[in-house]
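A closer look at the structure
Below, each chain spelled out in residue letters.
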Amino acid sequence: MIEPIITETEAVNYLAKAGLEVQLQTMRAWRHRGKGPAYLKPAGKIRYRTSDLDLFVETSRVVPGESKRRKRRAA
């Protein structure tokens, strides 16, 4: 089944419900810089999948001390 896609404004509201307060302009700046959640661009319009937004929230999670352990193991 194909997942429904949502608009930029709906994506901002969706992230807010997840506790991540992001402005629409921030989402646009992230896209310009190649950062932020994955998006689609059908017919030149920006759209998001809620699964991509969920993944973005989850990968934004920081566990204190975890990044230091990863660096030591990689060295």
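Reading guide: rules and limits
- Residues numbered from 1 in each chain as written.
- Predicted model: local features only at pLDDT ≥ 70, side-chain atom pairs only at ≥ 80, totals over all residues.
- Heavy atoms only, no water.
- Axes fitted to C-alpha atoms, helices over the stretch in contact; angles between N-to-C directions.
- Helix = DSSP H or I, 4+ residues; strand = E, 2+ residues; numbered from the N terminus.
- Parallel < 35°, antiparallel > 145°, perpendicular 65-115°, else oblique.
- Left-handed = near helix turned anticlockwise from the far one by under 90°.
- Contact = heavy atoms within 4.5 Å.
- Nonpolar A, V, L, I, M, F, W, Y, C, P; charged D, E, K, R; others polar.
- Phe/Tyr/Trp six-rings, centres within 6.5 Å; stacked < 30°, edge-to-face > 60°.
- Buried < 20%, exposed > 50% of the residue type's maximum accessible area, 1.4 Å probe, protein only.
- Lys NZ or Arg CZ within 6 Å of the ring centre and 35° of its normal.
- Core = buried A, V, L, I, M, F, W, Y, C linked by side-chain atoms within 4.5 Å.

**Concerning the packing of helix α1 (residues 8-17) against helix α3 (residues 50-59)**
- Relative to each other, α1 and α3 sit at 45 degrees, their axes nearing to 11 Å. The angle between α1 and α3 falls in the class oblique. Like other packed secondary-structure pairs, α1 and α3 cross with a definite hand, here right-handed. Contacts from A11, Y14 and L15 of α1 reach α3 at T50, L53, D54 and V57.
- Among the residues forming the contact of α1 with α3, the class breakdown is five nonpolar, one polar and one charged.

**Points about the packing of aromatic side chains**
- Within the structure shown, the criterion is met by two aromatic pairs.
- Centre to centre, the rings of W30 and F56 are 5.3 Å apart; their planes meet at 55 degrees, and the pair counts as tilted. Here the residue W30 occupies a position in helix α2 (residues 24-33), and F56 occupies one in helix α3, the gap between them amounting to 26 residues.
- Among the residues examined, F56 registers a relative accessible area of 15% and is labelled buried.
- Relative to Y48, the ring of Y39 lies with its centre 6.3 Å away and its plane at 55 degrees, an arrangement referred to as tilted.
- Taking relative accessible area as the criterion, Y39 reaches 35% and is therefore assigned partly exposed.
- The ring of Y39 has R31 lying over it, and the distance from NZ or CZ to the ring centre is 5.6 Å.

**Digging into the nonpolar core**
- Grouped together as the largest cluster of nonpolar side chains are nine residues: I6, A11, V12, L15, V22, M27, I46, Y48 and L53.
- When near neighbours in sequence (up to four residues on either side) are disregarded, I6 contacts A11, Y14, I46, R47, Y48, T50 and L53.

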